[in-house]
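One-letter residues, chain by chain:
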Amino acid sequence: MQRLTAIVHGRVQGVYFRDYTRREAIKLQITGWVANQSNSTVKVVAEGAESALTQLLAWLHTGSPSAQVTSVDVEWSAATDEFSHFEIRW
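Here's a quick rundown of the structure.

Thresholds applied
- Residues numbered from 1 in each chain as written.
- Predicted model: local features only at pLDDT ≥ 70, side-chain atom pairs only at ≥ 80, totals over all residues.
- Heavy atoms only, no water.
- Buried < 20%, exposed > 50% of the residue type's maximum accessible area, 1.4 Å probe, protein only.
- Helix = DSSP H or I, 4+ residues; strand = E, 2+ residues; numbered from the N terminus.
- Arc of directions from axis to C-beta.
- Contact = heavy atoms within 4.5 Å.
- Axes fitted to C-alpha atoms, helices over the stretch in contact; angles between N-to-C directions.
- Parallel < 35°, antiparallel > 145°, perpendicular 65-115°, else oblique.
- Left-handed = near helix turned anticlockwise from the far one by under 90°.
- Nonpolar A, V, L, I, M, F, W, Y, C, P; charged D, E, K, R; others polar.
- Core = buried A, V, L, I, M, F, W, Y, C linked by side-chain atoms within 4.5 Å.
- Pairing = 2+ DSSP bridges.

Observations concerning helix 2 (residues 50-60)
Then comes step 1: Taken as a whole, helix 2 has its buried residues at Ala52, Leu53, Leu56, Leu57, Trp59 and Leu60. Buried residues of helix 2 fall within an arc of 160° about the axis and therefore sit on the same side.
Then comes step 2: Tucked inside the fold, the buried residues of helix 2 contact strand 1 (2-11), helix 1 (17-27), strand 3 (42-48) and strand 4 (68-78).

Remarks on the packing of helix 1 against helix 2
Then comes step 1: Running from N to C, helix 1 and helix 2 cross one another at 155°; their axes reach a closest spacing of 10 Å. On the basis of the axis angle, helix 1 is roughly antiparallel to helix 2. Between helix 1 and helix 2 lies a crossing of right-handed hand. On the side of helix 1, the interface is formed by Phe17, Tyr20, Thr21, Glu24 and Ala25, while helix 2 contributes Leu56, Trp59 and Leu60.
Then comes step 2: Partitioning the contact of helix 1 with helix 2 into residue classes produces six nonpolar, one polar and one charged.

Some thoughts on the nonpolar core
Then comes step 1: With 23 residues, the main nonpolar core has Val8, Phe17, Ile30, Val44, Leu56 and Leu60 as its most contacted residues.
Then comes step 2: Secondary structure elements with two or more residues in this core: strand 1, helix 1, strand 3, helix 2 and strand 4.
Then comes step 3: Ranked by residues supplied to this core, first place goes to helix 2 with six residues.
Then comes step 4: Aside from chain neighbours lying at most four places away, what touches Val44 is Leu4, Thr5, Ala6, Thr21, Trp33, Val34, Leu56, Leu60 and Phe86.

Comments concerning unusual backbone geometry
Then comes step 1: Residues other than glycine seldom take positive phi values, yet Gln29 does so here, at roughly 60°.
Then comes step 2: Examined against the element boundaries, Gln29 turns out to sit in the loop between helix 1 and strand 2 (31-36).

Let's talk about the pairing of strand 2
Every regular strand shows the same layout, with side chains that alternate between the two sheet faces.
Then comes step 1: The element strand 2 is largely enclosed, with a buried count of five among its six residues.
Then comes step 2: Taken together, the six bridges between strand 2 and strand 3 define a ladder with antiparallel strand orientation. Across the sheet, residue Ala35 finds its bridge partner in strand 3, namely Lys43.
Then comes step 3: Of the pairings in the sheet, the one linking strand 2 to strand 5 (residues 86-89) comprises four bridges and is parallel in character. Bridge pairing in strand 5 places Trp33 opposite Glu87.

Structure (structure tokens):
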């Protein structure tokens, strides 16, 4: 189990990015959260199998249908197993 922390840059707020991210994470059986940040980015903290996280990361580079992702900052670490599901944080 791994942890992925990603900061997604571009037009990612106001385009249902968080909801689509939650749906994708649930489909991939990933736990964690997604939240808008005050600097117009979206932060994702996700835990799961490395293969599932790699798929989520690939998805984050495109995002929701109306999003325009310009870059994704990524940090990998060991999972902490602190999440029971994937949620949108406000």
